[in-house]
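Letter by letter, the chains look like this.
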Amino acid sequence: AFIAKRNGDPYSEEYVKEIGTNLIKKIRNRLNIQDINKNNFQEEVERYLNNLNIKVNNPPIQTPNVNLPDTDNQNPFIPTIGRVKNAENFFGRERESKQIFELLNNYSSVAIIGEPAIGKSSLLYAVCQKSENLLQLPRQTVFLDMNLIHNQEDFYFAICEKIGIPDSKGYRFTRNLENKKILLFLDNVGKLNAEGFTKDVRDHLRGLAEGENACLKLVVAANEPLKTLFNDSQSNGNTSPLEDICQQIDILPWNETIIRNFITKRLKPTTIDFTEADIQQLIQESGGHPQKLTQLCYNLYKKYSESNN
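The following paragraphs examine the structure supplied in this document. (Residues numbered from 1 in each chain as written. Predicted model: local features only at pLDDT ≥ 70, side-chain atom pairs only at ≥ 80, totals over all residues. Heavy atoms only, no water.)

## Notes on unusual backbone geometry
Reasoning step 1: Although it is not a glycine, Y107 sits at a positive phi angle of roughly 70°.
Reasoning step 2: With respect to the helices and strands, the residue Y107 is situated in the loop between helix 4 (94-104) and strand 1 (109-113).
Reasoning step 3: A positive phi is found at N188, a non-glycine position, where the angle reads about 55°.
Reasoning step 4: For N188, the location among the structural elements is in the loop between strand 3 (182-187) and helix 8 (199-209).
Reasoning step 5: Judged by relative accessible area, which is 26%, N188 ranks as partly exposed. (Helix = DSSP H or I, 4+ residues; strand = E, 2+ residues; numbered from the N terminus. Buried < 20%, exposed > 50% of the residue type's maximum accessible area, 1.4 Å probe, protein only.)

Here it is as structure tokens:
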């Protein structure tokens, strides 16, 4: 309890106890001190160091460096639901990311298309985070989750607020963007087809995004192709305003190699291993869906962790 509360550290007593348990486990395994526990910790470590002819000053005892990873006591398979926001937790999709930036650097807008829970939102957010370093011509990034936008008035207000321009729409909005370069990320873009939005919004976005030097470029994510999602009828045919300017990138389930690499990377800093039978079952049950795979791995890791304690 003292360690947990010292210096205002935001760790609970239970959390510190878990770290202590794992530390003792590490020392047992790596230094072969089988009888060590919390009650005789100092005595056993001192005996070990004396056996190595290392002079120990007492107090304090300098404990050996057992190279305990910070995440050794934590379940590495997180988050289990929702968009991955921490870049360190984002995994895979290197090929798709490369394709997206090739298109963006060739002045195209992009539509990320895939079934629900396949990782579109996480990829969209990761591309947004990487844009500052990977775009050849810098653009101000604006990220909107359309599930949080109720109507087109909210839509324009949110964009204006994030860009830092006066609240406006229509021609005033266009005029306020004249001297700007914006890369607009729209997650769940299908919301633009819901009640409270008109086709005018999609036409407006198209107009702003057309041309190499357009003030606006788009990266959108949806569960189905834009042609299907926005079945807008125009005088020149059945073409969605957004489909015509957004190049489609299909997001598919992970293959076996990516799944194995994901599991290996997550388990590397821990003391727990999955068996080959475990991995085969995870591949089969997840179907390569990252979110489902992560949840299954989370549950399996928790099971092993609890059994080891």
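## Regarding the packing of aromatic side chains
Reasoning step 1: Counted by the stated rule, this structure contains eleven aromatic pairs.
Reasoning step 2: Taking 5.2 Å as the distance between ring centres and 80° as the angle between the ring planes, the aromatic pair formed by Y125 and F143 counts as edge-to-face. Remark: F143 occurs in strand 2 (residues 140-145) and Y125 occurs in helix 5 (residues 120-134); sequence separation between them is 18 residues.
Reasoning step 3: Its relative accessible area of 22% is what places Y125 among the partly exposed residues.
Reasoning step 4: Pairwise contacts between aromatic rings join F77, F91, W254, F262, F274, Y301 and Y304 into one cluster. (Phe/Tyr/Trp six-rings, centres within 6.5 Å; stacked < 30°, edge-to-face > 60°.)

## Comments concerning the sheet that holds strand 4 (residues 216-222)
Reasoning step 1: Reading across the sheet, the five strands line up as 2-3-4-1-5 and stay open at both edges, with parallel pairing between neighbours. Looking at the sheet topology across the chains shown, the edges are occupied by strand 2 and strand 5 (246-250). Pairs of neighbouring strands in the sheet enclose a mean axial angle of 15°, with direction left out of account.
Reasoning step 2: When strand 1 meets strand 4, the two strands line up parallel, connected through four bridges. Paired with V110 across the two strands is V219, which belongs to strand 4.
Reasoning step 3: Across the sheet, helix 5 is in contact with strand 1, strand 2, strand 3 and strand 4; its angle to strand 3 comes to roughly 165°.
Reasoning step 4: The sheet contacts of helix 8 involve strand 1, strand 3 and strand 4, and relative to strand 4 the element is tilted by about 130°. (Pairing = 2+ DSSP bridges. Axes fitted to C-alpha atoms, helices over the stretch in contact; angles between N-to-C directions. Contact = heavy atoms within 4.5 Å.)

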